Amino acid sequence: MFDPYTGLSIGGYDPVAYFVSGAAIPGLADYEEVYGDTYWHFATEANAAAFRAAPAVYIPGFGGYSMAAAARGVAQPGNPTLFAIHRNRLYLFATEDERQAFLADPDAMIAAAAAHWPEVLKLLAY
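Calculation criteria
- Residues numbered from 1 in each chain as written.
- Predicted model: local features only at pLDDT ≥ 70, side-chain atom pairs only at ≥ 80, totals over all residues.
- Heavy atoms only, no water.
- Buried < 20%, exposed > 50% of the residue type's maximum accessible area, 1.4 Å probe, protein only.
- Helix = DSSP H or I, 4+ residues; strand = E, 2+ residues; numbered from the N terminus.
- Arc of directions from axis to C-beta.
- Contact = heavy atoms within 4.5 Å.
- Axes fitted to C-alpha atoms, helices over the stretch in contact; angles between N-to-C directions.
- Parallel < 35°, antiparallel > 145°, perpendicular 65-115°, else oblique.
- Nonpolar A, V, L, I, M, F, W, Y, C, P; charged D, E, K, R; others polar.
- Phe/Tyr/Trp six-rings, centres within 6.5 Å; stacked < 30°, edge-to-face > 60°.
- Pairing = 2+ DSSP bridges.
- Salt bridge = Lys/Arg side-chain N within 4 Å of Asp/Glu carboxyl O.

## Examining helix 2 (residues 45–53)
By the burial criterion, the buried members of helix 2 are Asn 47, Ala 48 and Phe 51. Projection of helix 2 onto a plane perpendicular to its axis shows the buried side chains occupying an angular sector of 100°, all on one side. In helix 2, the exposed positions angled more than 90 degrees off the buried face are occupied by Ala 46 and Ala 53. The elements touched by buried residues of helix 2 are helix 1 (17–20), strand 1 (28–35), strand 2 (38–42) and helix 3 (55–58).

## Points about the packing of helix 5 (residues 96–104) against helix 6 (residues 106–124)
Running from amino to carboxyl end, helix 5 crosses helix 6 at an angle of 110°, the nearest separation of the two axes being 5 Å. Taken as axis vectors, helix 5 and helix 6 run roughly perpendicular relative to one another. Contacts between helix 5 and helix 6 involve Glu 98, Ala 101, Phe 102, Leu 103 and Ala 104 from the first element and Pro 106, Met 109 and Ile 110 from the second. In terms of residue class, the contact of helix 5 with helix 6 is built from 7 nonpolar, no polar and 1 charged.

## Overview of the environment of Val 74
For Val 74, the position within the fold is in the loop between helix 4 (67–71) and strand 3 (79–86). For Val 74, a relative accessible area of 36% corresponds to the partly exposed category. Measuring from C-alpha to C-alpha, the distance between Val 74 and Thr 44 comes to 34 Å, with 30 residues separating the pair along the chain. Each residue touching Val 74, except ones within four places of it in the same chain, is listed here: Ala 69 and Val 120.

## Quick look at the packing of aromatic side chains
Between two aromatic rings, the relevant description is the distance of the centres plus the angle of the planes. Going through the model one piece at a time under the given rule, you end up with 10 aromatic pairs. Ring geometry for Trp 40 versus Phe 51: centroids 5.2 Å apart, planes at 35°, classification tilted. Of this pair, Trp 40 sits in strand 2 while Phe 51 sits in helix 2; the two residues are 11 residues apart in sequence, bridging distant segments of the chain. Accessibility expressed as a relative area gives 6% for Trp 40, which makes it buried.

## Section: the pairing of strand 1
When a strand is regular, its side chains alternate between the sheet's two faces. Of the strand pairs in this sheet, strand 1 and strand 2 are connected by 5 bridges, and their pairing is antiparallel. Along strand 2, the bridge assignment pairs Glu 32 with His 41. Counting the residues that bridge the hairpin from strand 1 to strand 2 gives 2 residues, and of these Gly 36 lies at a positive phi of roughly 65°.

## Thoughts on the pattern of salt bridges
Scanning all chains against the criterion turns up 5 salt bridges. Its salt-bridge partner being Glu 33, residue Arg 52 comes within 2.5 Å of it at the nearest N-O pair. Taken as a pair, Arg 52 in helix 2 and Glu 33 in strand 1 lie far apart in primary sequence, 19 residues in all. Classification of Glu 33 by relative accessible area gives buried; the value is 17%. Where Asp 107 meets Arg 87, a salt bridge forms, and the shortest distance between an N and an O atom there is 3.0 Å. Separated by 20 residues along the polypeptide, Asp 107 in helix 6 and Arg 87 in the loop between strand 3 and strand 4 (89–93) bring together distant segments of the chain.

## Some remarks on the environment of Arg 89
Among the secondary structure elements, Arg 89 is positioned in strand 4. Residue class for Arg 89 comes out partly exposed when judged on its relative accessible area of 29%. Sequence separation between Arg 89 and Leu 8 is 81 residues, and the spatial gap between their C-alpha atoms is 20 Å.

If you want it as structure tokens, here you go:
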């Protein structure tokens, strides 16, 4: 999920910080990387370096779109402050209720989102 006006991915939040700090931490323009035609901001140079070394590890599942919405076949941006990490993968959600539903049965929601993801991608094509 990126902002088409700013080009920032996940609202400028540091994708590595979710893993190393367990928190949604805004990144800084001082530590900016371009990957996948979007801009990624990081809170520290160490986090930017970790991303450069293995971006696929840190990019949110389902492109940062709400996983619960994707499971329903809907393209809805995820809120970078509503997240969960499951099996070393970051997922974002639009609401706390969606996040709680995921935490109750993560594998079922991942499977549903994966099944609908090709449809969702067609909605996002522009």
